[in-house]
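Understanding the architecture of this molecule
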Amino acid sequence: MAILLAPMEGLLDYALRDTLTRVGGIDLCVSEFIRVTGTLLPERAFRRIVPELDQGGRTAAGVPVRAQLMGSDPNCLAENAARLAGLGPAGIDLNFGCPAKVVNRHGGGAALLQDPELLYRLVAAVRQAVPAPMPVSAKMRLGFDDDSRAEACAQAIEAGGANQLVVHARTRAQGYRPPAYWSRIADICQAVRLPVVANGEVWSVADARRCLQESGCTDLMLGRGMVADPGLALAILADQGLAGGRLETGWDELRPLLGHFWRRVLERIEPRARHGRLKQWLNYLRRRHPEAEAAYQALRTVNDPRVLEAWLDQQLTARPDPALACT
């Protein structure tokens, strides 16, 4: 079983990838999309989104990072894929799932699911442009307005030469609203022979168990669930009998992770956006941790970095409060 960390624009960036992969359980990361719009991007544009390219294509914890491209012109996408491949990522991933309206209006992301023939040409162009040993994968949703072309899209991606396919089990129209339709991934698995990874609405070990059963997949991609519970990948592996150790990451284990995350944010994020990144993660963590709920409520209107630094310093030196211990 393999567990992948999802690409999520504005959330799962370098700082959080670096932090979450330190916990363990993640076999591969996929970066946020690098948008290709008619020009050959300079190398610095790829390195800005995927700083791991300067680390051998891996996070500091040694987890490989596959770089994701998003575009709708086969030739331009192929040229950029070739340049990106020369920088040494752990593969090239293609975005056929982004539901953002601004992206879809310009024919990118999930909008491409309306044209299986174009999907084929995009994948084939990239596959031909990068070295044969380098994996080329794709991430798609079940469709744009409906899922009637899901199998056709998957078959087009396979015919183009992709090595792996991640399927988010919702359409663009369904966004991120529950539920995820994992059984439709099973239909796609029957329609193609390439490895398929299930994605969407996995927040817990119980969700993972049901997703694997209903989708028929052996591999998972985790997104928001891993952000909310950094120990989720390890817990899933343990549930599948593939790893030992703790099934959860409690608040005491999260304290140093928050400090590490903040240091990565200071290195990479512009000052005016830094406080938002910390509060964004706390907003997810409060789904499981009462300490994160208290912190989020205390800090949600705070923009002064000195106050945030003081809170983080307190977290790193505080003793565990038995009344707030997580089980």
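In the annotation of an unreviewed UniProt entry, the protein is listed under the name tRNA-dihydrouridine(16) synthase and assigned to Malikia spinosa. One UniProt comment on the protein, placed under Cofactor (unreviewed entry), says "FMN".

A few words on the nonpolar core. The biggest cluster of nonpolar side chains holds 107 residues, and the ones touching the most others in it are L69, L94, F96, M140 and L282. In terms of residue count, the dominant contributor to this core is helix α11 (residues 251-268) (7 residues). Both of domain 1 (3-240) and domain 2 (251-317) provide at least three residues apiece to this core. Apart from the residues within four sequence positions on either side, F96 is in contact with G109, A110, L112, L113, L119, L122, V123, A138, K139, M140, R141 and I157.

Let's shift gears to the packing of helix α3 (residues 74-85) against helix α5 (residues 116-129). It is the contact of α3 with α5, at a shortest axis distance of 8 Å, that shows an interaxial angle of 30 degrees. In terms of orientation, α3 and α5 fall into the roughly parallel class. For the element pair α3 and α5, the recorded crossing hand is right-handed. Here α3 contributes P74, L77, A78, A81 and A82 to the contact with α5, which in turn contributes L118, R121, L122, A125, V126 and A129. Split into classes, the residues belonging to the contact of α3 with α5 amount to 10 nonpolar, no polar and 1 charged.

What counts, and at which threshold
Residues numbered from 1 in each chain as written. Predicted model: local features only at pLDDT ≥ 70, side-chain atom pairs only at ≥ 80, totals over all residues. Heavy atoms only, no water. UniProt positions renumbered as here; feature names shortened; annotations may be inferred. Core = buried A, V, L, I, M, F, W, Y, C linked by side-chain atoms within 4.5 Å. Buried < 20%, exposed > 50% of the residue type's maximum accessible area, 1.4 Å probe, protein only. Helix = DSSP H or I, 4+ residues; strand = E, 2+ residues; numbered from the N terminus. Domains from an automatic or database assignment. Contact = heavy atoms within 4.5 Å. Axes fitted to C-alpha atoms, helices over the stretch in contact; angles between N-to-C directions. Parallel < 35°, antiparallel > 145°, perpendicular 65-115°, else oblique. Left-handed = near helix turned anticlockwise from the far one by under 90°. Nonpolar A, V, L, I, M, F, W, Y, C, P; charged D, E, K, R; others polar.

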